[in-house]
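Each chain, letter by letter, is given below.
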Amino acid sequence: MVPDVAALLDQLPASSDDFARLAGTDPDQFRPFQETVAESFADRFEVNYDDLCVLFAGASDRCVEILAGRPADDFRSAWMLAAIGTPAALTAVAERVRAGGDRSEFEDCGLWVPPHGPAERRFTPERRAIFLEVGGFPGADHPVGLPISVVADAPAVWHYLSVRLDEIPGLPSWPATHAHLVAPESTDRWTLFAAVDPGGRYHDVLVELTDGEDDEEDDDGFTFQDDRSFGLGRVVLRPYGPGLVYSNGHIHSTPGVVGTAGGPPIGLYPNPACPKCERLMFHVATVTSMVREHGDGFRSLYLCENCKTAAVTATSWN
Ligand SMILES: [Zn+2]
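Everything numeric in this text was worked out from a predicted model, so none of it was measured.

## Things to note about the domain arrangement of the protein
In step 1: Here the domain parsing of the protein yields domain 1 (5-121) and domain 2 (127-315).
In step 2: Each partner contributes to the interface: domain 1 provides 21 residues, whereas domain 2 provides 20 residues.
In step 3: Counting the surface lost from both domain 1 and domain 2, the interface buries some 1600 Å², and carbon and sulfur atoms represent 53% of this.
In step 4: Counting the surface domain 1 buries against domain 2, the share from its top three residues, Asp17, Asp108 and Trp112, is 31%.
In step 5: Viewed at the interface, domain 2 and domain 1 are joined by three salt bridges.
In step 6: Among the ionic pairs, Arg127 bridges to Asp50, the shortest N-O distance being 3.0 Å.
In step 7: The tally of links from domain 1 across to domain 2 stands at nine residue pairs in polar contact (both at pLDDT 80 or more).
In step 8: If you list the elements that add at least two residues to the side of domain 1 that touches domain 2, you get helix 2 (16-25), helix 4 (49-55), helix 8 (103-108), strand 1 (111-112) and strand 2 (120-121).

Structural data, given as structure tokens:
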């Protein structure tokens, strides 16, 4: 059934999940409404950033003009502008940042503003839903729960998942077939950086703990107790479509879904800059810790293709 987009607009913000569903199933239906929404509905369009990247992809230069003219603290308009991805939009983002705008707001959205020229997208707009499945381990394309020593040096102690990169269209080139989501002992918030050898294994692993976000537990005396035989399996990547549950702005209510491969970063957290070249790193995938329980929250994987550096971040739920 073709949705009546005009009727859905009249029901905003209650119909926000309908727009998330439209992004996942039939985004072309939204295309004729891009300028209208930018012009008249931006304050009520409570749609998450990754869906905006689908709905506003390739929007007109007029749409860019409308959004670029909004006050800098209008975050929904800024998200829409960041989501468009055309040369005009990327130029407008760079101009706003160089005029004193909030660089971190766009970096959280996966846009990097280099010293010169337009902003660069540090993500692929192509998304795949990540489903956790039992069995097929360890020879799966995307194994969950490999022995950590196979994929990374200490202080990484926990393997969530390895992602086969050629199943995600639009990623930069990488020296290995897979990249890995791994964790240190800490169940707090952290960012893990690693160099990558030609086989894809992580070495020179460095962990930065994020201060001040989580004081609910004292980590003194914490010892790693997670059962290494727990949660072995695999994930499979499937295109977005009508089979997913679109609820509260995400697809995590779909049975088996534990994350998204490709697409932008969540948009609510700082994304890592490459420790070697300082460029914003390229977002690959974000899963919840439910993929293989260790800690609590989202786990995201990033790459710097130039420096052959990987990063994994641990953030909270929202
Ligand atoms: Zn780099």
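## Notes on the packing of aromatic side chains
In step 1: Per the stated rule, a full pass over the model turns up nine aromatic pairs.
In step 2: Between the aromatic rings of Tyr49 and Trp79, the centroid separation amounts to 6.0 Å while the plane-to-plane angle is 55°, which identifies the pairing as tilted. Pair noted here: Tyr49 is in helix 4 and Trp79 is in helix 6 (residues 75-84), with a separation of 30 residues, a long-range link. Here Tyr49 matches Trp79 in class, with each residue buried.
In step 3: Taken together, the ring pairs in this structure connect Phe19, Phe30, Phe45 and Phe56 into an aromatic cluster.
In step 4: Directly above the ring of Trp112 sits Arg103, whose terminal nitrogen or CZ lies 5.5 Å from the centroid.
In step 5: Over the ring of Phe131 we find Arg238, and its NZ or CZ is 4.5 Å from the ring centre.

## Here's the deal with the pairing of strand 12 (residues 298-304)
In step 1: In terms of residue burial, strand 12 counts as a mostly covered element, since seven of its seven residues are buried.
In step 2: Burial along strand 12 is two-sided: Phe298, Ser300, Tyr302 and Cys304 and Arg299, Leu301 and Leu303, pointing in opposite directions, are all buried.
In step 3: Across six bridges, strand 11 (residues 282-288) lies against strand 12 in antiparallel orientation. By the bridge assignment, Val287 is partnered in strand 12 with Arg299.
In step 4: Sheet analysis places strand 12 next to strand 13 (residues 309-315), joined by seven bridges and oriented antiparallel. Residue pairing in the sheet places Leu303 in a bridge with Ala310 of strand 13.
In step 5: What sits between the antiparallel neighbours strand 12 and strand 13 is a turn of four residues, in which Lys308 has the positive phi angle 55°.

## With respect to the side chain of Ser16
In step 1: The topology assignment puts Ser16 in helix 2.
In step 2: Accessibility expressed as a relative area gives 7% for Ser16, which makes it buried.
In step 3: Once you skip the residues sitting within four places of it in the chain, Ser16 turns out to touch Arg44, Glu46 and Val47.

## Focus: the packing of helix 6 against helix 7 (residues 87-98)
In step 1: Viewed as axis vectors pointing N to C, helix 6 and helix 7 meet at an angle of 130°, and their least axial separation amounts to 7 Å. In terms of axis orientation, helix 6 runs oblique to helix 7. Viewed along their axes, helix 6 and helix 7 form a crossing whose handedness is left-handed. From helix 6, Ala78, Leu81 and Ile84 reach across to helix 7, where they touch Ala89, Ala92, Val93 and Arg96.

Analysis parameters
Residues numbered from 1 in each chain as written. Predicted model: local features only at pLDDT ≥ 70, side-chain atom pairs only at ≥ 80, totals over all residues. Heavy atoms only, no water. Domains from an automatic or database assignment. Contact = heavy atoms within 4.5 Å. Buried area = accessible area lost by both parts, 1.4 Å probe. Salt bridge = Lys/Arg side-chain N within 4 Å of Asp/Glu carboxyl O. Polar contact = N/O pair within 3.5 Å; in protein donor to acceptor, adjacent residues only side chain to side chain. Helix = DSSP H or I, 4+ residues; strand = E, 2+ residues; numbered from the N terminus. Phe/Tyr/Trp six-rings, centres within 6.5 Å; stacked < 30°, edge-to-face > 60°. Buried < 20%, exposed > 50% of the residue type's maximum accessible area, 1.4 Å probe, protein only. Lys NZ or Arg CZ within 6 Å of the ring centre and 35° of its normal. Pairing = 2+ DSSP bridges. Axes fitted to C-alpha atoms, helices over the stretch in contact; angles between N-to-C directions. Parallel < 35°, antiparallel > 145°, perpendicular 65-115°, else oblique. Left-handed = near helix turned anticlockwise from the far one by under 90°.

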